[in-house]
Amino acid sequence: MRRAKITRETAETQIEVELDLDGSGRYDNRTGVGFFDHMLDQLARHSLIDLTVRARGDLHIDDHHTVEDTGIAIGQALTQALGDKRGIRRYGAFHLAMDDALVRAALDLSARPYLVWNVDFPAHKIGSFDTELVREFFQALATHGGITLHVDRLHGLNAHHIAEAAFKAVARALREAVEPDPRMAGVLPSTKGAL
């Protein structure tokens, strides 16, 4: 069963995440941050990972804690659902074009978290959403999901398109990495003996 449910509660946020790695990309995400919900929907749809998020956070301060803590909880849920990672492809990469934006994502479910983020935004806000929070989400996801993650903006003029292309590119790379590899059934994709 490649499913997980995580509950994370702090003085700043209460987050519940459910995911199914073998889903069809269904989503039901409610964080109180409209643009972020839209990005989480893209993450689910294009990774084919069913994702449900319920978040209550200190939005009267700003969106930062809600976005970061959601990334933490999704990363923890991915780790739990992947188990020992036997039989998965482990690696994934994708170039995602969206109008003016072109974003490349490459990742390794290595249990060695590392984020390389080469994504600049031409605006500080998308509506009321701070564009710097896109990086904060992926930093939290990589750290708590044990993911080596590289994201590069190759082109882009519109901040919304760049952010959405980043989420979709990571989603497609994640889809590839978590998929069972029929040639590696039951085999750990590493020579170390552990991931």
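The coordinates are above.
Residues numbered from 1 in each chain as written. Predicted model: local features only at pLDDT ≥ 70, side-chain atom pairs only at ≥ 80, totals over all residues. Heavy atoms only, no water.

### Points about the sheet that holds strand S4 (residues 50-57)
And then number 1: Strand order across the open sheet formed by 4 strands is S1-S2-S4-S3, with mixed pairing between neighbours. Each end of this open sheet is capped by a strand with a single partner; those strands are strand S1 (3-9) and strand S3 (27-30). Sheet twist, expressed as the average angle between the axes of neighbouring strands with direction ignored, equals 5°.
And then number 2: As paired elements, strand S2 (residues 13-20) and S4 share 8 bridges and run antiparallel to each other. What sits directly across from Asp20, in S4, is Asp50.
And then number 3: Each of S3 and S4 is contacted by helix H1 (residues 34-47), which is oriented at about 155° to S3, the strand it contacts most.
And then number 4: Lying on the sheet, helix H2 (residues 64-82) is in contact with S1, S2 and S4; it crosses S2 at an angle near 35°. (Pairing = 2+ DSSP bridges. Helix = DSSP H or I, 4+ residues; strand = E, 2+ residues; numbered from the N terminus. Axes fitted to C-alpha atoms, helices over the stretch in contact; angles between N-to-C directions. Contact = heavy atoms within 4.5 Å.)

### Describing the nonpolar core
And then number 1: If you look at the biggest cluster of nonpolar residues, it comprises 60 residues, and the most contacted ones within it are Ile74, Leu78, Leu109, Trp117, Phe137, Phe138 and Leu149.
And then number 2: For this core, the element with the most residues is helix H4 (residues 159-178), which contributes 13 residues.
And then number 3: When sequence neighbours within four positions are dropped, the list of residues in contact with Leu109 reads Leu82, Lys85, Ile88, Arg90, Gly146, Ile147, Leu174, Ala177, Val178 and Leu195. (Core = buried A, V, L, I, M, F, W, Y, C linked by side-chain atoms within 4.5 Å. Buried < 20%, exposed > 50% of the residue type's maximum accessible area, 1.4 Å probe, protein only.)

### Overview of the packing of aromatic side chains
And then number 1: On inspection of all chains with the given rule, the structure shows 6 aromatic pairs.
And then number 2: Between Phe137 and Phe138, the ring centres sit 5.1 Å apart and the planes meet at 75°, which makes this aromatic pair edge-to-face. Across this residue pair, the class does not change: Phe137 and Phe138 are buried.
And then number 3: Aromatic rings pair up to connect Phe36, Trp117, Phe137, Phe138 and Phe167 into one cluster. (Phe/Tyr/Trp six-rings, centres within 6.5 Å; stacked < 30°, edge-to-face > 60°.)

### Remarks on unusual backbone geometry
Most peptide bonds take the trans configuration, and most residues that are not glycine carry a negative phi.
And then number 1: A positive phi angle, near 60°, is found at Leu48, a position not held by glycine.
And then number 2: Note on placement: Leu48 falls in the loop between H1 and S4.
And then number 3: Phi is positive for Asp99, which is not a glycine, with a value near 55°.
And then number 4: If you trace the backbone, Asp99 turns up in the loop between strand S5 (91-98) and strand S6 (101-108).
And then number 5: Taking relative accessible area as the criterion, Asp99 reaches 65% and is therefore assigned exposed.

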